[in-house]
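Commentary on secondary and tertiary structure
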Amino acid sequence: MDNLATTYQHIADILSFEIPKIELEERLGQPAFNWDAIVVEGSKHLVLPAIYCRLRSKNLLHTLPNELKEYLEELTLLNRKRNLSIIEQVHSISDLFNKLNINHVFLKGSALLISETFDDIAERMVGDIDILVDNKQLDTAFNLLETHGYHPIPQTLGNTFFEHKHLPRLKTDIHISAVELHRKLFVSYNDKDLSSTTVLTKKQLVNKVYIPKNEHLLRHNILNYQINDNGKLYNSISFRSAYDSICLMRHKTMDIDIYEGNIFKTYFNILGLFFYGLDNTIHSKRNFLTSFYLFKLKHIKFYKLWNKFLKFCNFSSILLKRIPYFVANSAYRKALFDDRKRVFDYFMSVLKNK
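Keep in mind it's a predicted model, so treat the numbers as computed, not measured. Counting from 1, residues in each chain are numbered in the order their sequence is written. Per-residue local features are limited, in this predicted model, to residues with pLDDT of at least 70; the limit for side-chain atom pairs, both in listing and counting, is 80 or more; totals at the level of whole chains, interfaces and linings are taken over all residues. Remark: hydrogens and water are excluded; side-chain values derive from all non-hydrogen atoms of the structure.

1. A look at the confidence of the model for the protein chain
A low pLDDT means the predicted coordinates there should not be read in detail. When pLDDT is averaged along the protein chain, the result is 87; 84% of the residues meet or exceed 70. Strand 1 (residues 104-106) holds the highest mean pLDDT among the elements of the protein chain, 98, whereas helix 8 (residues 157-161) holds the lowest, 51. Confidence of the predictor in every single residue is expressed as pLDDT, which spans 0 to 100. Going along the chain from the N terminus, every DSSP run of H or I of four or more residues is numbered as a helix, and every run of E of two or more is numbered as a strand.

Now the structure itself:
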């Protein structure tokens, strides 16, 4: 049975724009090729539609088992329809905000769809629609969406008592996606190139929608995974983030300053383990962290145990920081007691595998 390192390499080669078709066809066409592992990991990384689209673009769909081909085709079709609905929703919100001169930019997946970063919009799986809004206009934007059929989702305790990068999520029965209005891109991490003011000042208008400039799209994609999704903590790869970065660098002209700093080097070092032909301004290097990551992928029991340990340490760090607030704030103590079942369930989830 393939280890994760082997499976990850297969996924990267399918997504890659550099691997020769003949080489890939020979490998994927082997009777013993483990497609089940590709589906399991591709699903975890939210890249199954991208895998299907890349196989189709390389004329390699014939290497898929028939049932899997039909499944991926249907999944991709559904994701394409969903993304078309999301694009329609983005334009609807954009029109609302522009009429009131609300300073904003769409972020992440919705921005990538609008900017036509992918050869096929079905490639990218998108969840919420994230929008960065000028702090002075956040309440106006929030209230505007409420008057147009959106309603806030109940907040968790962390969001209620501690600063968060966005306002409560807004859902609607009219459109397909929830919306998050951001006041900032990170809570405890400072990046001067991605401050709210900088991103909004340098925004670009693409297909009648405001999105960050290309360098900011890439920078945010990297840091969102490394910081917000704890990619740097777990020293791991996200194939959705990796594919976003590769497509951005393939289609857009980028400022090489984007690659400065250890957090970016760490990101590209991990990508360099699996993807060939990265931009020649990126110097992917093997080091202790990359070797350790490969070791974990080849020893899955240790990998799960190590990630559980890291998750527990991260949770303990957050808990220690909140103890003084618990002692000083009676409302927070009461809320914890009233919501003790959810607090307990979250604590138990920390003890499970990531």
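2. Focus: the side chain of Gln 226
Note that Gln 226 resides in helix 10 (residues 214-228). Pairing of N or O atoms within 3.5 Å defines a polar contact, subject to two protein rules: one partner must be a possible hydrogen donor and the other a possible acceptor, and residues neighboring in sequence count only if both atoms are side-chain atoms. In this structure the side chain of Gln 226 is engaged in a polar contact, spanning 3.1 Å, whose partner is the backbone oxygen of Ile 263. Residues count as neighbours in contact if any of their non-hydrogen atoms are within 4.5 Å of one another. Residues contacting Gln 226, with those up to four places away along its chain left out, are Gly 231, Lys 232, Ile 263, Thr 266 and Tyr 267.

3. A few points about unusual backbone geometry
In this structure, Lys 108 takes a positive phi of about 55° despite not being glycine. Tracing the backbone shows Lys 108 in helix 6 (residues 108-114). Exposure classes here rest on a 1.4 Å probe applied to the protein chains alone. A residue is buried below 20% of its type maximum, exposed above 50%, and partly exposed in between. When its relative accessible area of 27% is taken as the criterion, Lys 108 is described as partly exposed. With a phi angle near 50°, Asn 235 is a residue other than glycine that sits in the positive phi range. Locating Asn 235 in the fold gives a position in the loop between helix 11 (231-234) and helix 12 (239-251).

4. Points about the pattern of salt bridges
Any Lys or Arg side-chain nitrogen found within 4 Å of a carboxyl oxygen on Asp or Glu counts as a salt bridge. Across all of its chains, the model carries 12 salt bridges by this definition. We note a salt bridge from Arg 80 to Asp 120, for which the minimum N-O separation is 2.7 Å. Taken as a pair, Arg 80 in helix 5 (residues 66-99) and Asp 120 in the loop between helix 6 and strand 2 (129-133) lie far apart in primary sequence, 40 residues in all. Residue Arg 169 is joined to Glu 180 by a salt bridge in which the shortest nitrogen-to-oxygen separation is 3.5 Å. Of this pair, Arg 169 sits in the loop between helix 8 and strand 4 (170-172) while Glu 180 sits in strand 5 (residues 179-182), and the two are 11 residues apart along the sequence. A relative accessible area of 10% means that Glu 180 is categorised as buried. One network of salt bridges, with partners in common, ties together Asp 13, Glu 23 and Arg 27.

5. Let's talk about the pairing of strand 2
The element strand 2 is extensively covered by neighbouring structure, given that five of its five residues are classed as buried. Of the two faces of strand 2, the one carrying Ile 129, Ile 131 and Val 133 and the one carrying Asp 130 and Leu 132 are both buried. Note that strand 1 and strand 2 share three bridges and pair antiparallel. When the sheet's bridge partners are listed, Phe 106 is paired in strand 2 with Ile 131. Here, any two strands with at least 2 DSSP bridges between them count as paired. In the sheet, strand 2 pairs with strand 5 via four bridges, with the strands oriented parallel. Bridge pairing in strand 5 links Leu 132 to His 182.

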